[in-house]
Amino acid sequence: MAGAFIGLGNWQLDRAQELKASTRTVVEVTEPVELTSLAKPRVTIDARNFLKNVSTEGNYIATFKSENQVSDGVAATAWEVGVLQVDANSAILVVRGLWSERLTEPQIAMSQRVSVTGVLQPSQSSDRGPNSADNLARVDSTLLLTKAGLADFDLYDGFILANSEVVDSAKIDRTRLEISVDNSKVPGYYWQHISYVFIWWLMAALVLYLPFYRRRVTS
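What counts and how
Residues numbered from 1 in each chain as written. Predicted model: local features only at pLDDT ≥ 70, side-chain atom pairs only at ≥ 80, totals over all residues. Heavy atoms only, no water. Helix = DSSP H or I, 4+ residues; strand = E, 2+ residues; numbered from the N terminus. Buried < 20%, exposed > 50% of the residue type's maximum accessible area, 1.4 Å probe, protein only. Contact = heavy atoms within 4.5 Å. Areas by Shrake-Rupley, 256 points an atom, 1.4 Å probe, with all protein chains shown as cover. Patch = residues over 30% accessible without salt bridge, like charges linked within 9 Å, V, L, I, M, F, W, Y side chains within 5 Å. Salt bridge = Lys/Arg side-chain N within 4 Å of Asp/Glu carboxyl O. Core = buried A, V, L, I, M, F, W, Y, C linked by side-chain atoms within 4.5 Å. Polar contact = N/O pair within 3.5 Å; in protein donor to acceptor, adjacent residues only side chain to side chain. Pairing = 2+ DSSP bridges.

1. Concerning the overall build of the protein
Of the regular secondary structure elements, the protein holds two helices and seven strands. Within the span of the protein, comprising 219 residues, buried residues form 43% of the whole. For the protein, the share of sequence-separated contacts (at least 6 apart) that also reach a separation of at least 24 residues comes to 67%. Approximately 12,200 Å² of the protein is accessible, and the part contributed by carbon and sulfur atoms is 57%.

This is the structure in structure tokens:
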């Protein structure tokens, strides 16, 4: 029983950390770190690693539209979301910019290697629009499991909000987006979760103390 209470306290502490990370809106300006140092395919990303600058490279193997998004305080904008294959078996979603600007850049062939830097963001949890062959209802890699040719990839949790793309040593010049973090995944308040942590751990301490208390009473 004490072990169960300690486990519940640890779980509640993790929820508090997730909530704190999900409500951050300011990105720390740091040198980008390699994506693989913070995340692995098919593994839920530690919430503390969101909103960090990351870098990776690969080949774009698919492009989708995602309608009714909110960026720079403007609602109902459509985003261009690319699927970046980073190795033979793995891929991650990259929000490249506005859908309306997708033709203002040189066309990137699937054979071209792209270096991407950007902010690691949590997957969106609520649909913004329809989920169809060419549109993503939300920016969430789990939706790729229903897309032709992509279900067999090992997908990363979250997505990269790109702030730079380089192809053949040339930087792609287009408008980059600023968005708020989707914080609807973790309900409640930070200090509410912390209070529950202490309650669960107090229960564990009481369970451990109870046999000694009973011995004192009966002696």
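2. A look at a nonpolar patch on the surface
Together, Tyr-196, Ile-199, Leu-202, Met-203 and Leu-206 make up an exposed nonpolar region whose accessible area comes to about 460 Å². With respect to the secondary-structure elements, Met-203 resides in helix α2 (residues 190–218). Classification of Met-203 as partly exposed rests on a relative accessible area of 34%.

3. Here's the deal with the pattern of salt bridges
Evaluated as defined, the whole model comprises ten salt bridges. A salt bridge links Arg-138 to Asp-127; its shortest N-O distance comes to 2.5 Å. Remark: Asp-127 occurs in the loop between β5 (114–121) and β6 (154–167) and Arg-138 occurs in the loop between β5 and β6; sequence separation between them is eleven residues. Using a relative accessible area of 16% as the deciding quantity, one classes Arg-138 as buried.

4. Digging into the nonpolar core
The biggest cluster of nonpolar side chains holds 22 residues, and the ones touching the most others in it are Val-83, Leu-93, Val-95, Leu-144 and Leu-150. Breaking this core down by element, the ones donating at least two residues are β2 (53–71), β3 (74–85), β4 (90–98) and β6. Among the elements that make up this core, the one with the highest residue count is β4 (four residues). Look past the residues within four positions of Leu-150 in its chain and what remains in contact with it is Ile-61, Ala-62, Phe-64, Val-83 and Leu-144. Counting residues in hydrophobic clusters, the runner-up holds 21 residues, among them Ile-45, Val-86, Tyr-156 and Ile-160.

5. What about the side chain of Gln-69?
Looking at the element boundaries, Gln-69 is found in strand β2. By relative accessible area, which is 1% here, Gln-69 ends up buried. Side chain to side chain, Gln-69 and Gln-124 meet in a polar contact 2.9 Å long.

6. Thoughts on unusual backbone geometry
If you check the backbone angles, Arg-42 has positive phi at about 60° while not being a glycine. With respect to the helices and strands, the residue Arg-42 is situated in the loop between β1 (33–34) and β2. With relative accessibility at 64%, the residue Arg-42 sits in the exposed group. You will see that Asp-168, though not glycine, has its phi angle at about 50°, which is positive.

7. Some points on the pairing of β4
Within β4, nine of the nine residues are buried, which leaves the element mostly enclosed by the surrounding structure. The sheet contact formed by β4 and β6 spans five bridges and is parallel. Across the sheet, Leu-93 pairs through a bridge with Phe-159, a residue of β6.

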